[in-house]
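# Working through the structure, step by step
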Amino acid sequence: MSSEDTLIHSDDPRHPANLICTLCKQFFYNNWCTGTGGGISIKDPETSHYYLAPSGVQKEQMRPEDLFVMDAQTLDYLRAPKLYKPSACTPLFVACYQKKDAGAIIHTHSQNAVVCSLIFGDEFRIANIEQIKAIPSGKVDPVTMKPIALSFFDTLRIPIIENMAHEDELIDDLHKTFIDYPNTCAVIVRRHGIFVWGPAIDKAKIFNEAIDYLMELAIKMHKLGIPPDCGIGEEKKHLAGP
Ligand SMILES: CSCCC(=O)C(=O)COP(=O)(O)O
Ligand SMILES: [Zn+2]
């Protein structure tokens, strides 16, 4: 086996190359990564190498040998399959690694994200829903040094940026959200989808699932006339009664 191939071949289902393929398949069947859209990048916790999907591939058919591997320091490719170009999302994934200390980034073309971007302005907000507790507040407990999650009584805020003709043109607005929303673990791209990151792939997956649930719920609340960020008990005022 060549040294390039040892980077992507492993019997361990939790190896980044295997996990990216497994999760992309799951996300395809969840309607999050169809028609080659979306993708996942994982930083190998052992080597700190970035594992990236190629551009324009059917996400449910991806194999470990299709993946790019990047050195985190030099940003040189340690492995670059000749048949493919790297994902157009690569500069955005690298920005999340470098500026947000991400361990993994998930990009989906979730219809819930797209519809929320059509309903709401520059920010998606939802409050007082149990599932919010799955999302990090961005704060750390000073005693345990563990991340603190949002509470049931908090409001989740996710910035919405405008889509561009090419994925890499989103980079300036993504950087701006890092400044304006230092605690966010996600950015919605209008009429496009969402980027969600976490300190490791398991966390990023949980955050992505929880946010998607909350976006779906927000769309249902909006259809009923209930603002998703309304206070507890306030919903009665908004419901169209007889
Ligand atoms: C129909 S997908 C258009 C590109 C895109 O938004 C995306 O998420 C996938 O880009 P990639 O270069 O990774 O195929
Ligand atoms: Zn995309």
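As recorded by an unreviewed UniProt entry, the protein chain carries the name Methylthioribulose-1-phosphate dehydratase and is attributed to Saccharomyces pastorianus. Of the protein chain, the UniProt comment under Pathway (unreviewed entry) reads exactly: "Amino-acid biosynthesis; L-methionine biosynthesis via salvage pathway; L-methionine from S-methyl-5-thio-alpha-D-ribose 1-phosphate: step 2/6."

### Structural notes on the coordination of the zinc ion (ligand 2)
Distances from the zinc ion (ligand 2) to its protein donors, His107 (NE2), His109 (NE2) and His192 (NE2), fall within 2.0 to 2.2 Å. Between consecutive donor residues of the zinc ion (ligand 2), the sequence gaps follow H-x1-H-x82-H. Residue His109 is found in the loop between strand 5 (104-108) and helix 4 (111-119), and its partner His192 is found in the loop between strand 10 (186-189) and strand 11 (193-198); the two are separated by 83 residues along the sequence.

### Notes on the side chain of His15
If you trace the backbone, His15 turns up in the loop between helix 1 (3-6) and helix 2 (16-29). Taking the relative accessible area as the measure of exposure, His15 reaches 14% and is therefore buried. Only 3.5 Å separates the side chain of His15 from the backbone oxygen of Leu7, close enough to count as a polar contact. Within the structure, the side chain of His15 is placed 3.1 Å from the backbone nitrogen of Ala17, a separation counted as a polar contact.

### Regarding the UniProt feature "domain: Class II aldolase/adducin N-terminal" (unreviewed entry) in the protein chain
Per the UniProt entry, the sites bearing "domain: Class II aldolase/adducin N-terminal" (unreviewed entry) are residues 18-219 in this numbering. End-to-end, the C-alpha atoms of residues 18-219 are 34 Å apart, and along that stretch the chain is 30% helix and 24% strand.

### A look at the pattern of salt bridges
Per the counting criterion, the structure on display carries 15 salt bridges. One salt bridge connects Asp122 with Arg190, and the closest N-O pair in it is separated by 3.6 Å. Taken together, the positions of Asp122 in the loop between helix 4 and strand 6 (123-127) and Arg190 in the loop between strand 10 and strand 11 put the pair 68 residues apart, joining distant regions of the chain. With its nearest N and O atoms 2.8 Å apart, the salt bridge here joins Lys176 to Asp180. Linking Lys176 with Asp180, this pair stays in helix 5 (residues 171-180), spanning four residues, or about one helical turn. In this structure, a network of salt bridges that share partners links the residues Glu123, Arg125, Arg157 and Asp229.

### Description of unusual backbone geometry
Positive phi, normally seen in glycine, also occurs at Thr36, with a value near 75 degrees. When you line up the elements, Thr36 lands in the loop between helix 2 and strand 1 (39-43). Judged by its relative accessible area of 30%, Thr36 is partly exposed.

### Describing the nonpolar core
Ranked by size, the top nonpolar core spans 50 residues in total, and within it Phe124, Ile126, Leu156 and Ile211 carry the most contacts. Ranked by residues supplied to this core, first place goes to helix 6 (residues 201-223) with eight residues. Residue contacts for Ile211: discarding those within four places in its chain leaves Ile135, Ile158, Cys185, Ala186, Ile194 and Val196. Counting residues in each nonpolar core, the second largest holds 23 residues, with Ile8, Cys33, Ile42 and Ile106 among its members.

### Looking at the domain arrangement of the protein chain
When the parts of a complex come together, some accessible area is lost, and that lost area is often used as the size of the interface. Along its sequence, the protein chain is organised into domain 1 (1-87) and domain 2 (89-229). Placing a centre on the C-alpha atoms of domain 1 and another on those of domain 2 gives a separation of 22 Å. Across the boundary between the two partners, domain 1 contributes 22 residues, which contact 22 residues of domain 2. Surface buried jointly by domain 1 and domain 2 totals about 1,800 Å² across both partners, of which 60% is contributed by carbon and sulfur atoms. Together, Trp32, Ser41 and Ser87 form the three largest contributors to the area buried by domain 1 at its contact with domain 2, with a combined 32%. The tally of links between domain 1 and domain 2 comes to one salt bridge. Arg14 is the salt-bridge partner of Asp202, the closest N and O atoms lying 3.1 Å from each other.

### So, the site of ligand 1
Lining the immediate environment of ligand 1, one finds 14 residues, of which Ser55, Gly56, Ser87, Ala88 and Glu167 sit closest. Contact between ligand 1 and Ser87: an oxygen atom at 2.7 Å from a side-chain N or O atom of the residue. Among the residues making up the shell around ligand 1, the classes are represented as two nonpolar, 10 polar and two charged. The residues that make up the shell around ligand 1 include at least three from each of domain 1 (1-87) and domain 2 (89-229).

Each value, and the rule that gives it
Residues numbered from 1 in each chain as written. Chains lettered and ligands numbered in written order. Predicted model: local features only at pLDDT ≥ 70, side-chain atom pairs only at ≥ 80, totals over all residues. Heavy atoms only, no water. UniProt positions renumbered as here; feature names shortened; annotations may be inferred. Donors = N, O, S within 2.8 Å, 3.2 Å for Na, K, Ca; no water. Helix = DSSP H or I, 4+ residues; strand = E, 2+ residues; numbered from the N terminus. Buried < 20%, exposed > 50% of the residue type's maximum accessible area, 1.4 Å probe, protein only. Polar contact = N/O pair within 3.5 Å; in protein donor to acceptor, adjacent residues only side chain to side chain. Salt bridge = Lys/Arg side-chain N within 4 Å of Asp/Glu carboxyl O. Core = buried A, V, L, I, M, F, W, Y, C linked by side-chain atoms within 4.5 Å. Contact = heavy atoms within 4.5 Å. Domains from an automatic or database assignment. Buried area = accessible area lost by both parts, 1.4 Å probe. Near = heavy atom within 4 Å. Nonpolar A, V, L, I, M, F, W, Y, C, P; charged D, E, K, R; others polar.

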